[in-house]
Amino acid sequence: MRVPFTKMHGLGNDFVMLDARERTLPPVTGPVAAALADRRTGIGCDQLILLQPASADAPGADFRMRIFNSDGSEVQSCGNAARAVALLHGSDAAVETAGGTIRVSPRDAGAEVDMGAPRFDWDDIPLAYAMDTAAMPVGWPYAGGTMHNPAAVNVGNPHVVFFVEDAYAVPLAEVGPDIETDALFPERINVNVASVSSGELTLRVWERGTGLTRACGTGACATAVAAIRRGLVQSPVTVHLPGGALTIAWQQGGTIMMTGPAQTAFTGSFEWEDFA
Ligand SMILES: N[C@H](CCC[C@H](N)C(=O)O)C(=O)O
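Note that the structure is a prediction, hence the values are computed from the model and not measured. (Residues numbered from 1 in each chain as written. Predicted model: local features only at pLDDT ≥ 70, side-chain atom pairs only at ≥ 80, totals over all residues. Heavy atoms only, no water.)

This brings us to the UniProt feature "binding site: substrate" (unreviewed entry) in the chain. The positions that UniProt labels "binding site: substrate" (unreviewed entry) are, in the present scheme, Asn13, Gln47, Asn69, Gly79, Asn80, Asn157, Asn190, Glu207, Arg208, Gly217 and Thr218. What makes Asn69 buried here is its relative accessible area of 4%. Those residues in contact with Asn69, other than ones at most four positions away along the chain, are Asp46, Gln47, Val75, Arg208, Gly209 and Thr210. Within the structure, the side chain of Asn69 is placed 3.1 Å from the side chain of Gln47, a separation counted as a polar contact. With respect to the helices and strands, Thr218 occurs in helix α4 (residues 217-229). The buried category is assigned to Thr218, whose relative accessible area is 2%. Apart from residues no more than four positions distant in its own chain, Thr218 is found in contact with Ser77, Cys78, Gly79, Met115, Val155, Asn157 and His159. (UniProt positions renumbered as here; feature names shortened; annotations may be inferred. Buried < 20%, exposed > 50% of the residue type's maximum accessible area, 1.4 Å probe, protein only. Contact = heavy atoms within 4.5 Å. Polar contact = N/O pair within 3.5 Å; in protein donor to acceptor, adjacent residues only side chain to side chain. Helix = DSSP H or I, 4+ residues; strand = E, 2+ residues; numbered from the N terminus.)

In the vicinity of the ligand lie 15 residues, with Asn13, Gly79, Arg208, Gly217 and Thr218 positioned nearest. At a separation of 2.8 Å, an oxygen atom of the ligand approaches a polar backbone atom of Gly79. Arg208 is positioned with one of its side-chain polar atoms (N or O) 2.8 Å from an oxygen atom of the ligand. Here the ligand has 360 Å² of accessible area as a free molecule, and 100% of this is covered by the chains. Counting only elements with at least two residues in the shell around the ligand, the list comes to α2 (79-89) and α4. Its residues placed into classes, the shell around the ligand shows three nonpolar, ten polar and two charged. (Near = heavy atom within 4 Å. Areas by Shrake-Rupley, 256 points an atom, 1.4 Å probe, with all protein chains shown as cover. Nonpolar A, V, L, I, M, F, W, Y, C, P; charged D, E, K, R; others polar.)

The next thing to look at is the environment of Pro177. Relative to the elements of secondary structure, Pro177 occurs in helix α3 (residues 172-180). With 32 residues separating them in the primary sequence, Pro177 and Gly209 have C-alpha atoms 9.5 Å apart. When residues no more than four places from it in sequence are discounted, the contact partners of Pro177 are Leu172 and Trp206.

Here the focus is helix α1 (residues 30-37). Val32, Ala33, Leu36 and Ala37 are the residues of α1 that are buried. Buried residues of α1, seen end-on, are gathered within an arc of 130° and therefore sit on one face of the element. Along its buried surface, α1 packs onto β2 (13-19), β3 (47-52), β4 (63-69) and β19 (263-271). (Arc of directions from axis to C-beta.)

For the chain, the assigned domains read domain 1 (2-110 + 262-274) and domain 2 (122-254). For domain 1 versus domain 2, the distance between C-alpha centres works out to 24 Å. Tallying the contact residues gives 18 residues for domain 1 and 21 residues for domain 2. With both chains or domains summed, domain 1 and domain 2 bury close to 1300 Å², and 44% of this area falls on carbon and sulfur atoms. Three residues, Leu11, Gln76 and Ser77, lead the burial of domain 1 against domain 2; their summed loss comes to 39% of the area buried on that side. Between the two partners, domain 1 and domain 2, sit one salt bridge. Taken together, the links from domain 1 to domain 2 amount to 13 residue pairs in polar contact (both at pLDDT 80 or more). Broken down by element, the side of domain 1 that touches domain 2 gets its largest block of residues, three residues, from α2. Partitioned by chemical class, the residues of the side of domain 1 that touches domain 2 number three nonpolar, twelve polar and three charged. (Domains from an automatic or database assignment. Buried area = accessible area lost by both parts, 1.4 Å probe. Salt bridge = Lys/Arg side-chain N within 4 Å of Asp/Glu carboxyl O.)

Taking the UniProt record as the reference, the feature "active site" (unreviewed entry) is found at Cys78 and Cys216. Look at the named residues: they lie 139 residues apart in sequence, but the longest C-alpha span between them is just 7.8 Å, so in the fold they bunch up. For Cys78, the location among the structural elements is in the loop between β5 (74-75) and α2. According to the relative accessible area criterion, Cys78 is buried, its value standing at 8%. Ignoring any residue separated from it by four or fewer positions in sequence, one finds Cys78 in contact with Asn13, Phe15, Gln47, Met65, Ile67 and Thr218. Mapped onto the fold, Cys216 is located in the loop between β15 (211-212) and α4. The contacts of Cys216, once residues within four sequence positions are left out, are Asn80, His159, Val205, Glu207 and Leu241.

In structure tokens, the structure reads:
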């Protein structure tokens, strides 16, 4: 079966988009997603995004977005892909995800997304046992220092956020995998390292199931919420990632609004049987 795809990205966090809202595709499994995501033997992407008709679980949604990391793991949310979906869909939409229903609105060269409300309870992250998620009594050493007292936030998917002097001084490719797979995080975790300067955030992310990416929308949301909770910045806040900047707005008790760019790189097609 010949299958069309659209290659898109949000600040360099890239996606292969499969649109099965009006056509039937064979089941997308973890191994198929990982094969398509492979940058040498497949199309290559950080995440594979599958659009389908909304399920009965989300009556108010216009359609469903499923997210597969490049390791094939299916996860609950993807902020940069939400903006790409807004661009692809071309109008406002309520989008069902495993992390809850989000609302996307195309904006000039990008989109605004209501990512829903963050959750902070230890068992909502989830953590393996009870702990204060505003400043966790844990630390991880790395060559040259120790990162400690992170925050944990669930923004549809799980994030741990470390605030450090210089986000670019942390060897994130070394310490990220250890934290991602620590037993404290039964569903693994996305690892955010951020620094604060002039009321803005500088952020780098080791993504669960993918590794270092040029940008992470949910990471920007989680980090902004954690920084606002700690009084380090005010809302709305600009978050500078390696691939570019996002604007995140949030007030205690409300939902997270993320605004930023999204782009289409190219379109193509592939033979399903070559990857299944
Ligand atoms: N790696 C994430 C999914 C992709 C999130 C990221 N690409 C974004 O823009 O939010 C996870 O396992 O929860």
